[in-house]
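Understanding the architecture of this molecule
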Amino acid sequence: MNWSGLEGLLSGVNKYSTAFGRIWLSMVFVFRVMVFVVAAQRVWGDESKDFVCNTRQPGCTNICYDHIFPISHIRLWALQLIFVTCPSLMVMAHVKFREGKDKKYEELHHGSHLYANPGKKRGGLWWTYLLSLVFKAGFDVAFLYILFRIYHGYDLPKLSKCSIAPCPNTVDCFISRPTEKKIFMIFMVVSSALCILMCLCEMVYLIGKRICKLVKARQDNDRFRFAEEHELTNMAPPRSQYRRTDPTLTESQMSLNKNDKVRDGGISTTL
C-alpha cells in the first residue's frame, strides 16, 4: 500500500486542525505508520514459515497456526490504520464542499462571499470535526478490543498447546522471535492508546471552548437586554447642587447660615 500518498492527503487536514489534531497526526505517521512499514512488516514476515509444531501429522501445523493466529497482526494493524485515518477525510470533504458553495455564491452575487473563511470550525463543520474525532477514537478502541479478544491479551507465549483435529494429540507449537514480536505489539498498543488520549483531549478542548463562547455570548445578550429595558436616568441631582457643611460648625452657626440662605433667596426673588 502507498502510505506516502495517504500521508500527503492527510497533511492537508493540518491547517484545519487544532494543536491536539496536529500532534495526533504526527503520532500516527511517526510512531505507527513508519514503525509499521519499516519494522513491523519485517518482524512478522516469517510468522507462517517459521511456525513449528512437534508433529509430522499432515495438516496439523496449518490448523494450529490458524487457531493461534486467526488474523495476522500485520493485516489487523493495516486495517486499523486505514479506518483511523479515514475520518479525517470527512473534514476535508466538508471544507471542499464549503469552498465550492462559496465560489458559486461569489459568481452569483458579484464578488460577495458566503463564508469569510470556509475552513473555520463553525456551524456544520464544527460538528463534522467533532464527529471525526469520535470515529477515530472509536475505531482505535474497537481494534484494541478485537486484538485483546482474539489473542486473549497483549501477549505472545513462547509455547502454545494445540489439540485440534487432525492433530493426533496435544502438540507443542512454537513461533519465531516471540519476545521481539511482543515488544512491537505492546508498542503499537501504547501508541494507539496515546492517539485515543489525544482525541479525547481535543474533544474536551473543542466542547469546552464552545461552551465558553456560548456562555460569554449569553452574558453579553443579557447585558444588552438589561440596558434596553432599564434605560439609565439621572437618579440624583448634579453634584453642584450639594453644599458641603463644615462638621466643626455649632448649631447656632448652622442656623445663622440657614437664615442667610433664606434671606438671599428672598432677595433674589424680589430682584
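Residues numbered from 1 in each chain as written. Predicted model: local features only at pLDDT ≥ 70, side-chain atom pairs only at ≥ 80, totals over all residues. Heavy atoms only, no water.

1. A look at the state of the cysteines
Threshold: Criterion for a disulfide: a pair of cysteine sulfur atoms at a distance within 2.5 Å. Numbered from the N terminus, helices here are DSSP runs of H or I no shorter than four residues, and strands are runs of E no shorter than two. Throughout, exposure labels follow a simple rule: accessible area from a 1.4 Å probe, protein chains only, divided by the maximum for the residue type, with under 20% read as buried, over 50% as exposed, and the rest as partly exposed.
Under the counting rule described, the total for this entry stands at three disulfides. Between C53 and C173 runs a disulfide, and the two sulfur atoms are separated by 2.0 Å. Handedness of the C53-C173 disulfide follows from its S-S torsion of about 105 degrees: it is right-handed. Of this pair, C53 sits in strand β1 (residues 52–53) while C173 sits in strand β3 (residues 171–174), and the two are 120 residues apart along the sequence. What pairs with C60 in a disulfide is C167, and their sulfur atoms sit 1.8 Å apart. Taking the sign of the S-S torsion, about 95 degrees here, the bridge from C60 to C167 comes out right-handed. Of this pair, C60 sits in helix α3 (residues 60–68) while C167 sits in the loop between β2 (160–162) and β3, and the two are 107 residues apart along the sequence. Here C60 and C167 have matching classes, each one buried. Looking at the unpaired C195, the closest cysteine sulfur is the one in C199, lying at 6.9 Å. Classification of C195 by relative accessible area gives buried; the value is 0%.

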